[in-house]
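What the coordinates show
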Amino acid sequence: MSRQAFFFDMDGTIFDSMPNHALAWEQVVSQHGLTFTRQDCFRQEGRTGIDVLEQLFLQKQAKGEPTEIDGLSPQQTMEHIKNIYAEKSRLFHSMGDTMPINGVTELLTFLHNKGNIDIWIVTGSAQQTLFDKLNTFFPNIFAPERMVTANDVIHGKPKPEPYLKAWERSGLDKKQCFVVENAPLGIMSGKAAGLYTYAVNTGPLTDNDLRQAGADMVVPDMTTLLHILEQTLIPL
Ligand code: CA
């Protein structure tokens, strides 16, 4: 029996967390003189929070505008950025638990029940309680050893490192591994790692945005992906 692996992104793919993330980002960065709209959030989705903040400050400095990091050493800058990210995380968590994306429970159950498929999480998130949350909503589907988080990589999405790491640890051929993503940078990461990448368009971007990022197939929702996989996955 040939094994396969599915590498799932988390925010916007497993959990319907993007609206709250966008709101939290928008509020917190505005208190630090930065602008990050809801649309920006979806376009930048997949980058680590630290990367996002670094870029926002650099962009503002490039325009010649004053910022909170002017005159700070690289170390102080990183500390300041980490504090802002912690503020954003606190606000996000105070908004309460986000629920699974429609249809993802059925899709994960289908893959799990096939018996020859390893289900992974590959995320730019660094939440400490991630596994507990996954296990609460999807009992016995995920395992800590099948997770790649922001803590495991140096260069996050859109770089290939997160998906390459999952692939290396899976011990499988690349053609036995599949990525499920919802956002352009995540799709770029999956494709840069040389993996077949499904895009599920759960957000406000167009299908074309996801296709241009390199997705091998774009579907409107998890139920459609389930139906496709029911037809195409090698039966046991
Ligand atoms: Ca995502």
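Residues numbered from 1 in each chain as written. Predicted model: local features only at pLDDT ≥ 70, side-chain atom pairs only at ≥ 80, totals over all residues. Heavy atoms only, no water.

Glancing now at the pairing of strand β2 (residues 117-122). Burial within β2 is extensive, with six of its six residues counted as buried. Residue alternation in β2 divides its side chains into two sets, Ile117, Ile119 and Ile121 and Asp118, Trp120 and Val122, and both sets are buried. Here strand β1 (residues 4-8) runs beside β2; their pairing, made up of five bridges, is parallel. Looking across to β2, one finds that Phe7 is bridged to Trp120. Relative to strand β3 (residues 147-148), β2 runs parallel, the two sharing two bridges. Paired with Ile121 across the strands is Met147, a residue of β3. (Buried < 20%, exposed > 50% of the residue type's maximum accessible area, 1.4 Å probe, protein only. Helix = DSSP H or I, 4+ residues; strand = E, 2+ residues; numbered from the N terminus. Pairing = 2+ DSSP bridges.)

Within the first shell, the calcium ion binds the protein through Asp9 (OD), Asp11 (O), Glu45 (OE) and Asn182 (OD1), at distances of 2.1 to 2.3 Å. Along the chain, the residues donating to the calcium ion are arranged with the sequence spacing D-x1-D-x33-E-x136-N. Given the relative accessible area of 12%, Asp11 is considered buried. (Donors = N, O, S within 2.8 Å, 3.2 Å for Na, K, Ca; no water.)

A few words on the sheet that holds strand β6 (residues 217-219). Strand order in the open sheet made by the six strands is β3-β2-β1-β4-β5-β6, with parallel pairing throughout. Two strands in the sheet have a free side with no partner beyond their single neighbour: β3 and β6. In this sheet, strand β4 (residues 177-181) lies alongside β1 in parallel orientation, the contact comprising four bridges. Across the sheet, the residue bridging to Ala5 is Cys177, located in β4. Of the strands in this sheet, β1, β2, β3 and β4 touch helix α7 (residues 161-170), which is tilted by about 150° from β2. (Contact = heavy atoms within 4.5 Å. Axes fitted to C-alpha atoms, helices over the stretch in contact; angles between N-to-C directions.)

The next thing to look at is the nonpolar core. One finds Phe6, Phe8, Ile14 and Leu111 to be the most contacted residues of the largest nonpolar core, which totals 30 residues. Sorting the residues of this core by element identifies β1, α5 (104-114), β2, α6 (130-137), β4, β5 (196-200) and α10 (222-232) as the ones contributing at least two each. Sort the elements by how many residues they give to this core and α5 lands first, with five residues. In this structure, Ala22, Phe42, Val52 and Ile81 belong to the second largest nonpolar core, which totals 17 residues. (Core = buried A, V, L, I, M, F, W, Y, C linked by side-chain atoms within 4.5 Å.)

Following the criterion strictly, the structure yields eight salt bridges and no others. With a closest N to O distance of 3.8 Å, Asp209 and Arg43 form a salt bridge. Taken together, the positions of Asp209 in helix α9 (residues 207-212) and Arg43 in helix α2 (residues 38-44) put the pair 166 residues apart, joining distant regions of the chain. Classification of Asp209 as buried rests on a relative accessible area of 18%. We classify Arg43 as partly exposed; its relative accessible area is 37%. Among the salt bridges present, the one from Asp216 reaches Lys191, with a minimum N-O distance of 2.8 Å. Pair noted here: Asp216 is in the loop between α9 and β6 and Lys191 is in helix α8 (residues 184-192), with a separation of 25 residues, a long-range link. (Salt bridge = Lys/Arg side-chain N within 4 Å of Asp/Glu carboxyl O.)

This part takes up the domain arrangement of the chain. Taken domain by domain, the chain comprises domain 1 (4-16 + 99-232) and domain 2 (18-94). Summed over both partners, the interface of domain 1 with domain 2 comes to about 1,300 Å²; 55% of that surface belongs to carbon and sulfur atoms. Among the residues domain 1 hides against domain 2, the three largest losses belong to Leu185, Pro204 and Leu205. Together they make up 32% of the total. Across the contact surface, domain 1 and domain 2 share one salt bridge. Where domain 1 meets domain 2, there are two residue pairs in polar contact (both at pLDDT 80 or more). Split into classes, the residues belonging to the side of domain 1 that touches domain 2 amount to seven nonpolar, six polar and five charged. (Domains from an automatic or database assignment. Buried area = accessible area lost by both parts, 1.4 Å probe. Polar contact = N/O pair within 3.5 Å; in protein donor to acceptor, adjacent residues only side chain to side chain. Nonpolar A, V, L, I, M, F, W, Y, C, P; charged D, E, K, R; others polar.)

Attention now goes to the packing of α5 against α10. Packed helix pairs are characterised by how far apart their axes lie and by the angle those axes make with each other. Relative orientation of the contacting elements α5 and α10 amounts to 20°, with a least axis distance of 8 Å. When the interaxial angle is binned, α5 and α10 end up roughly parallel. Here α5 and α10 pass one another in a crossing that is left-handed. Seen from α5, the contacting residues are Val104, Glu106, Leu107, Phe110 and Leu111; seen from α10, they are Met222, Leu225, Leu226, Leu229 and Glu230. (Parallel < 35°, antiparallel > 145°, perpendicular 65-115°, else oblique. Left-handed = near helix turned anticlockwise from the far one by under 90°.)

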